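Structure at a glance
Here's the letter readout for the chains.
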Amino acid sequence: MKFRLFIILVLLSSVASAQLNINHYIRVGQTRISTANYVGAIENFNIVIKFKPQLPEPYFLRGLAKHQLDDYRGAIADYDKAIEIKPYYPDAYMNRGLAHLSLHEYANAIADYDKALELSPRNAAIYNNRGIAKISMKDVDGAIADYDAALEANPNFVNAYINRSNANIVKGDLTEAIRDLNKAIIIRPHFASAYLLRGLARFEMNDFASALRDFDQTIKLDPQNAYAYNNRGIVKQRLEDFQGAIMDYDLALQLDPTMPNAYFNRGIAKEVLGLPGFEEDYRIAAKLDPKLDVKRRPTEEEYYAQLQKQQQQQQQQQQQGGQSQTQSQNQNQGQAQTQSQAQGQGQALAQNTQQQKANDQEKDDDQKAKDEQAEKDRRRFRLSLADTRELPNYEEDVEDGRIQNKNVIIELQPIFRIASFSENSVNYERLQYYNLALEELNKYNNYSPQMTITNHETADFADSFKNNILYFNEKIKTNESSENYLSRGIFKFLTNQYNDAIEDFNKSLKLDSKNLIAFYSRANCRIKMVEILEAVPDLSQDMTISIGADSPNNQTVKKENLNDYKEILADYERCIKINPAFPFVYYNKAYVLCKLDKYDEAMSNLDKAIELQPDFAEAYFNRGLTKIYLDDVEGGAMDLSKAGELGIEDAYNIIKRYCN
């Protein structure tokens, strides 16, 4: 009996320990959020969600971490899950509203804030945020009422003073706006935004000297504020200091190259001074904002001619109205048409009206399509301008943990290939995926060396790979098996001996025509060879290049025999026939199809890869990029969010630049 009791106690102790570990992961995740290690926090909450998916807190906290990385859609998905589990969760509603607000989904934001206020009616922050959403929807009075409520709940709430002043500026009550800004500055003297807005209000009141002082103070407190430089440039331009204005516009555009007003105003200043480049500034401004297109602005003579034409049209309409009234009076005197004539004309009129509606609808659809395409073009143009900034080097650490601000190169994640790593290697777990398709080869090699699959760089392991080639040279002398040729070919591929590797893969397949890994590795080797040749600047000359400096025969390959992806795709198709459940072949095939501009086919292959391997981070990443390229920004953002959640940090930079 005592023995049984002891077993029960041990079991209970183990359960308590497991529960304690879950709490530990949550606490560590919260600590990582507080120390701005948002990626590390997400890793912790992933573990908690895996073992305790019924808890709302890890979803909410993971949403907070994604929110800080500007992954608003991913944050919303996590807030959704937290609210689904725990419907009475005011913080989740409030933060989801903030994420909707960041995506300019104002109606959704207001609905979330309404629900949050039902659960937490004295929360000043919720009133303040709902006010921001309302003013974004042009409901200025509603916004002011919310800011009033926020200040009633918290009289020292600086953000509410700032936002109420902004609403009053929009409303035209500049005196009240300045009064609120003065209060905000008294409470928080080093708040740059307060000086920026007060400068705007004073500028509107033509108090240029005071406005200039406020913008100077804004820049002193926040040197990275592009709006402050732009606004100070406007004040200088009004004071006819055009050279000083141009310098401020230059600084503003260096910080934010997508500001249309800065280009437009700089163009004006350059034109006044007779400096070159003003036409280019006007062109960029018009491309960013069609309302700033100087070519579309009528001259004074055109304006008055258009005004006169409108007046003439109004007079004609009035005259037509008088004629129609006379006709109705005549009809009342007995000059009405017969019923059949009226019906015939009525039918014709109905047909004409129906045709006119169809034509109008077609015009509306065409215009909508043009507008959507124009907005897509403007978004891509803004992104191309944003890429011209001197951002921090990718290798530099981001001090605040917001890794979305790193400067990354936008490109597909590379293909997966077979490799081998020591279990003592740094980042051993992150370098590879495990897959059953390799088990037969690993069993044959008695797990020495152990093969794995990865898309990470392997150059640091070159010496080990060369030793493995020597090892399999000896094995092949005694046993020319398909597996031995395959293994030696893999290591030759990893040491850039591509022609020798292809030869070994061919020998392996000759001995075993259904060797999945041999077909897969041969295709991967050919991709690498094609990519090397594509990197050569001039492909028009009849020449050969050396492929693989480590090759004993210093082999050469003609370019025209390589620059063709048909053989690669054929090998991948053979892999799929042998094993349709091998996810990495679909991934690699999609990579090739993207290079061939066959994006829809690539998407279907990435779908299959993710279906077979649900935690396939790289497949989510590449599918996200492909969707964005196809203008499915929403779908691309969600895939990139998943890729970031699974550990690919570059995804957050792309979400920020292309999706928000």
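Residues numbered from 1 in each chain as written. Predicted model: local features only at pLDDT ≥ 70, side-chain atom pairs only at ≥ 80, totals over all residues. Heavy atoms only, no water.

An unreviewed UniProt entry annotates the chain as Tetratricopeptide repeat protein originating from Mangrovibacterium diazotrophicum.

Let's shift gears to the overall build of the chain. Helix and strand content of the chain: 29 helices and four strands. Summed over its atoms, the accessible surface of the chain is roughly 36000 Å², and 49% of this surface lies on carbon and sulfur atoms. (Helix = DSSP H or I, 4+ residues; strand = E, 2+ residues; numbered from the N terminus. Areas by Shrake-Rupley, 256 points an atom, 1.4 Å probe, with all protein chains shown as cover.)

Taken as a whole and assessed by the stated rule, the structure comprises 42 salt bridges. Residues Arg 62 and Glu 645 are paired through a salt bridge, measuring 3.1 Å at the closest nitrogen-oxygen approach. Of this pair, Arg 62 sits in helix H3 (residues 56-68) while Glu 645 sits in helix H28 (residues 633-645); the two residues are 583 residues apart in sequence, bridging distant segments of the chain. Owing to a relative accessible area of 10%, Glu 645 belongs among the buried residues under this scheme. (Salt bridge = Lys/Arg side-chain N within 4 Å of Asp/Glu carboxyl O. Buried < 20%, exposed > 50% of the residue type's maximum accessible area, 1.4 Å probe, protein only.)

In this section: the nonpolar core. One finds Ile 490, Ile 517, Tyr 520 and Phe 582 to be the most contacted residues of the largest nonpolar core, which totals 130 residues. It is helix H23 (residues 516-534) that contributes the most residues to this core, ten residues altogether. The contact partners of Ile 517, leaving out residues within four places of it in the chain, are Ile 418, Ala 437, Leu 438, Leu 486, Ile 490 and Phe 582. Judged by nonpolar contacts, the second largest core, of 21 residues, contains Leu 196, Ala 226, Ala 262 and Leu 292. (Core = buried A, V, L, I, M, F, W, Y, C linked by side-chain atoms within 4.5 Å. Contact = heavy atoms within 4.5 Å.)

Bringing a nonpolar patch on the surface into the picture now. Residues Val 272, Leu 273 and Leu 275 make up a contiguous nonpolar surface patch of about 220 Å² in total accessible area. With respect to the helices and strands, the residue Leu 275 is situated in the loop between helix H15 (260-273) and helix H16 (278-288). (Patch = residues over 30% accessible without salt bridge, like charges linked within 9 Å, V, L, I, M, F, W, Y side chains within 5 Å.)

For helix H8 (residues 140-153), built from 14 residues, the straight-helix expectation of 20 Å at 1.5 Å per residue is met to within 8% by its first-to-last C-alpha distance of 20 Å. Within H8, the full set of buried residues consists of Val 140, Gly 142, Ala 143, Ile 144, Asp 146, Tyr 147, Ala 149, Ala 150 and Leu 151. Those residues of H8 that are buried are in contact with helix H7 (124-136) and helix H9 (158-171). For H8, the N-terminal cap is Asp 139; the gap from its side-chain oxygen to the backbone nitrogen of Gly 142 is 2.9 Å. (Expected span 1.5 Å × (residues − 1). Polar contact = N/O pair within 3.5 Å; in protein donor to acceptor, adjacent residues only side chain to side chain.)

What follows is about the packing of H8 against H9. Between H8 and H9, the shortest axis-to-axis distance is 9 Å and the interhelical angle comes to 155°. Between H8 and H9, the crossing angle belongs to the class labelled roughly antiparallel. Regarding H8 and H9, the two cross each other, and that crossing is left-handed. Between H8 and H9, the contacting residues are Val 140, Asp 141, Ile 144, Tyr 147, Asp 148, Ala 150 and Leu 151 on the first element and Ala 160, Tyr 161, Asn 163, Arg 164, Ala 167, Asn 168, Val 170 and Lys 171 on the second. Across the contact of H8 with H9, the residue classes tally to nine nonpolar, two polar and four charged. (Axes fitted to C-alpha atoms, helices over the stretch in contact; angles between N-to-C directions. Parallel < 35°, antiparallel > 145°, perpendicular 65-115°, else oblique. Left-handed = near helix turned anticlockwise from the far one by under 90°. Nonpolar A, V, L, I, M, F, W, Y, C, P; charged D, E, K, R; others polar.)

Attention shifts here to the packing of H23 against helix H24 (residues 566-578). Direction vectors running N to C along H23 and H24 enclose 160°, while the axes themselves pass 9 Å from each other. Taken as axis vectors, H23 and H24 run roughly antiparallel relative to one another. The two elements H23 and H24 meet at a crossing, and its hand is left-handed. Mapping the contact onto sequence places Leu 516, Phe 519, Tyr 520, Arg 522, Ala 523, Asn 524, Arg 526, Ile 527 and Val 530 in H23 and Glu 567, Ile 568, Asp 571, Tyr 572, Arg 574, Cys 575 and Ile 578 in H24. The residue makeup of the contact of H23 with H24, split by class, is ten nonpolar, one polar and five charged.

This part covers the packing of aromatic side chains. Overall, the coordinates contain 19 aromatic pairs when judged by the stated rule. Pairing Tyr 520 with Tyr 572 gives two aromatic rings, centres 6.2 Å apart and planes at 55°, and the pair type is tilted. Taken as a pair, Tyr 520 in helix H23 and Tyr 572 in helix H24 lie far apart in primary sequence, 52 residues in all. No difference in accessibility class separates Tyr 520 from Tyr 572, as the two residues are buried. Judged by centre distance (5.1 Å) and plane angle (75°), the rings of Tyr 520 and Phe 582 are edge-to-face. Taken together, the residues Tyr 520 in helix H23 and Phe 582 in the loop between H24 and helix H25 (583-595) connect sequence positions 62 residues apart. Each member of the pair, Tyr 520 together with Phe 582, is buried. Grouping aromatic residues by their ring pairs yields a cluster made of Phe 416, Tyr 520, Tyr 572, Phe 582, Phe 584, Tyr 587 and Phe 616. Just above the ring of Tyr 89 sits the side chain of Lys 86; from NZ or CZ to the centre is 4.2 Å. (Phe/Tyr/Trp six-rings, centres within 6.5 Å; stacked < 30°, edge-to-face > 60°. Lys NZ or Arg CZ within 6 Å of the ring centre and 35° of its normal.)

UniProt tags residues 56-89, 90-123, 124-157, 158-191, 192-225, 226-259, 482-515 and 583-616 as "repeat: TPR" (unreviewed entry). End C-alpha to end C-alpha, residues 226-259 measures 9 Å, and it is 79% helix and 0% strand. (UniProt positions renumbered as here; feature names shortened; annotations may be inferred.)

Going from Ser 448 to Pro 449, the amide bond is cis rather than trans, its omega being 0°. Along the polypeptide, Pro 449 turns up in the loop between helix H19 (439-444) and strand E2 (451-454). Here the phi dihedral of Asn 446 falls at roughly 55°; this positive angle occurs in a residue that is not glycine. Mapped onto the elements, Asn 446 comes out in the loop between H19 and E2. Judged by its relative accessible area of 61%, Asn 446 is exposed. Phi at Asp 631 is positive, roughly 70°, even though this residue is not glycine. Taking the relative accessible area as the measure of exposure, Asp 631 reaches 24% and is therefore partly exposed.

Along the chain, the position of Ala 637 falls in helix H28. The exposure class of Ala 637 is buried, given its relative accessible area of 0%. C-alpha of Ala 637 to C-alpha of Gly 74: the two residues are 563 residues apart in sequence and 8.0 Å apart in space. Those residues in contact with Ala 637, other than ones at most four positions away along the chain, are Arg 73, Ile 655 and Cys 659.

The next point concerns the confidence of the model for the chain. Counting all residues, the mean pLDDT for the chain is 82, and 75% of those residues have values of 70 or more. Ranking the elements of the chain by mean pLDDT puts strand E3 (residues 544-546) last, at 34, and helix H4 (residues 72-85) first, at 97. Note that residues 426-431 has pLDDT below 50 and, in this model, twelve contacts with residues that lie over four places away or in other chains. A low-confidence stretch, residues 539-562 stays under pLDDT 50, and its non-local contacts, those more than four residues away or across chains, total 44 contacts. (pLDDT = per-residue confidence, 0-100.)

Before going further, it helps to examine the environment of Ala 590. Of note, Ala 590 is situated in helix H25. Its relative accessible area of 2% is what places Ala 590 among the buried residues. A sequence separation of 16 residues divides Ala 590 from Leu 606, and the C-alpha atoms of the two residues are 6.2 Å apart. Other than its neighbours up to four places away in sequence, Ala 590 contacts Ala 602, Asn 605 and Leu 606.

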